[in-house]
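An overview of the molecular structure
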Amino acid sequence: MALFFLLIFQARLHGQNLIKDTQAGIAPKTLGTATPNRVAEWLKAEHLQNAPTAITLFDITKQNQALDYQAEVEEAVYLTLSKRQLAKLMEADAKTLSLTVPVAKNRSFQLELAKVELVAEKFTVETSSGSNLTQEEIGGVFYRGIVKDNQRSIAALSVFPDHLQLIIADRAGNYVLAPLPSEKAFDNKYVLYAEQDLIGREKSECKVEVVEEDFVGVELKKFQSYEKSDDDRCLQVYLECDFSLFNATGGTAIAAAQYVQSVFNVSATIYQNEGLAKELSQIFVWTTEDPFSGINFSGAILDQFILSKNQTGFPGNYAHFLTARLGPQGIAAAFDCTLPFALTGFIIDRTGAFPTPSLDVSIFAHEMGHNMGSLHTHGCYWNSDTYGFGTQIDDCGNANRVEAGFSSEGAGCVDDPFNPIIPEEGGTIMSYCDQSALSRTFPGTNFEFAFGPQPGEIIRMNYNNPPDGCTNLNELQANLNCTEIGSVFAVDDLIALEDIRVENQGDFPIGASNLGITYISTPSLEKGIIKKRLSLVELSKYGSAANVRLCCTQNLQSTQRARAHAALQI
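Residues numbered from 1 in each chain as written. Predicted model: local features only at pLDDT ≥ 70, side-chain atom pairs only at ≥ 80, totals over all residues. Heavy atoms only, no water.

Some points on the pattern of salt bridges
The final tally for this structure, using the stated rule, is nine salt bridges. The shortest N-O distance in the salt bridge between Glu-75 and Lys-20 comes to 3.7 Å. Here Lys-20 lies in helix α1 (residues 18-23) and Glu-75 lies in the loop between β3 (58-60) and β4 (77-81), a separation of 55 residues in the sequence. Residue Lys-20 is classed as buried on the basis of its relative accessible area of 15%. A salt bridge links Glu-425 to Arg-171; its shortest N-O distance comes to 3.5 Å. Residue Glu-425 is found in the loop between α9 (396-403) and α10 (453-464), and its partner Arg-171 is found in the loop between β11 (163-170) and β12 (173-179); the two are separated by 254 residues along the sequence. The class of Glu-425 is partly exposed, set by a relative accessible area of 42%. You can call Arg-171 partly exposed: its relative accessible area is 31%. (Salt bridge = Lys/Arg side-chain N within 4 Å of Asp/Glu carboxyl O. Helix = DSSP H or I, 4+ residues; strand = E, 2+ residues; numbered from the N terminus. Buried < 20%, exposed > 50% of the residue type's maximum accessible area, 1.4 Å probe, protein only.)

Listed below in structure tokens is the structure:
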């Protein structure tokens with residue numbers, strides 16, 4: 001099993017962008033004869049069928065609010081939402097839109113958008129209090145598209161009866177238009193800013209150790225052969241919101257569902273740009289104290305979440321646990337759709353914090369990318385005919401580790417760790433380019449670039465040609481059973497002993513600065529071969545016996561792989 005941790009903070013960059021260019025009277029960059037992306041191609045067909053409705057929802061705010069948020073963002077545009085125009089938009093239920101976004105007096109840019117169905121036919125929002133809400137009660141309408149005249153850009157608009165949220169991406173980076181914090185119901189005050197103008201937040205240390213690569217060794221003779229082949233195929237995603245997220249989004253199940261739907265809409269737009277369709281199958285909201293509230297580590301929470309879902313089942317192909325009490329971080333269970341679980345720590349605080357929803361999108365999309373089979377871009381897995389044995393795409397995740405004095409995931413292929421490969425225009429979803437090293441800032445993750453060519457082909461391959469055992473992804477059956485017999489553990493139903501190894505996960509970290517668990521493969525076991533019975537004494541020589549598991553390697557069929565929760569727990 002592979003476990004991945006991602007803790008995020010936003011780097012600070014400078015330069016021209018859509019907002020500043022428009023304020024200066026410079027038209028959006030058309031990129032000449034560049035090939036339209038997949039969203040632009042889809043949008044063109046939608047606009048041919050339905051003439052767009054022109055609408056302006058915002059005016060420039062008369063009161064200067066820059067001083068109120070000078071510690072959060074260097075430059076921003078403060079807007080006032082017309083609740084009357086918002087109501088008209090909700091009533092009109094327009095199939096396509098031409099949305100004007102003002103950035104200064106007599107200066108604005110336009111978005112071309114088309115409506116999408118974000119949820120499955122039988123979608124519901126269920127709560128721990130027993131209530132069951134329909135999408136009509138949630139009230140969301142969702143659009144996707146591009147900046148007018150820029151066919152490489154993307155945009156995702158989520159509209160609700162009392163507010164909206166918009167995220168845009170072009171070659172210069174990502175942009176956010178979101179409600180400003182309010183102690184009561186949503187008011188009409190909004191902010192539009194470029195991520196590159198966010199003022200840097202406290203640096204978080206990222207702990208990553210790859211312990212298993214389920215898809216490593218897949219032969220890829222060409223990174224160009226896995227286009228979407230079935231227009232009706234659509235991944236269904238189940239989301240579960242803990243009690244902290246319920247409170248952070250406003251203290252109602254509807255508010256929690258609306259926020260995660262707006263995040264999901266942006267993520268789904270990024271995946272659509274890679275040729276993959278996904279929709280929400282169900283959202284479950286803990287409106288009471290959740291059973292994971294006493295656990296303070298993301299890996300342990302994910303463990304318990306998977307145990308819970310294996311017992312109860314869930315509607316959909318992927319299950320994602322969402323929380324607001326761990327800070328910005330994420331963890332995915334594996335590169336394997338037979339273990340389709342992940343956790344994302346959001347940083348939403350609607351009543352008190354400056355809105356940064358694009359950071360939540362980045363982590364959420366990243367962790368699901370692991371579920372879809374992709375490794376990190378800074379690892380030595382790329383630029384080769386055989387996935388998993390090559391070089392890195394970028395060094396964003398290596399430079400920060402090296403300068404902090406840690407080993408890096410891409411250590412085996414970094415030629416000069418102090419002259420790293422840093423993409424100037426931004427990294428892709430599976431990069432760590434939204435972090436920073438001690439001596440440099442990184443360019444951020446650019447949603448326009450989605451996953452990039454090689455990781456994109458990996459996730460398309462697994463989307464169109466899923467491994468064995470992924471036909472019914474929610475029917476998970478553990479084939480490795482671990483039974484405690486005194487101080488000796490018997491492992492039954494092993495398919496082949498040579499395909500089993502001991503994985504020492506180490507002690508839980510101590511101290512607030514170490515927010516993740518470090519996962520370390522056992523170095524002393526050649527090919528991971530172990531005996532069928534291991535005593536506590538035998539286990540202890542491989543390191544801490546506080547948290548040791550047995551794991552199957554990729555040599556077994558997917559349906560035979562050990563689940564993390566059918567593993568040894570000492």
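Read on, since the account is not over.
Focus on the pairing of strand β13 (residues 189-194)
Across the six residues that make up β13, a large majority, five, are buried. Relative to β13, β4 runs antiparallel, the two being bridged by four bridges. Along β13, the bridge assignment pairs Val-77 with Leu-192. Pairing between β12 and β13: five bridges, direction antiparallel. Counted as the bridge partner of Val-176 is Tyr-193 from β13. (Pairing = 2+ DSSP bridges.)

Considerations on the packing of aromatic side chains
Evaluated as defined, the whole model comprises 15 aromatic pairs. Look at Tyr-69 and Tyr-78: their rings are 6.1 Å apart centre to centre, the planes differ by 20 degrees, and that puts the pair in the stacked class. Its relative accessible area of 14% is what places Tyr-69 among the buried residues. When its relative accessible area of 8% is taken as the criterion, Tyr-78 is described as buried. Measuring from centroid to centroid gives 5.5 Å for Tyr-69 and Phe-354, while their planes differ by 50 degrees, and the two rings are tilted. A residue pair is termed long-range when its members are at least 10 positions apart, and Tyr-69 in the loop between β3 and β4 and Phe-354 in the loop between β18 (341-345) and α8 (357-371) qualify at 285 residues. Phe-354 sits in the buried class, given a relative accessible area of 7%. (Phe/Tyr/Trp six-rings, centres within 6.5 Å; stacked < 30°, edge-to-face > 60°.)

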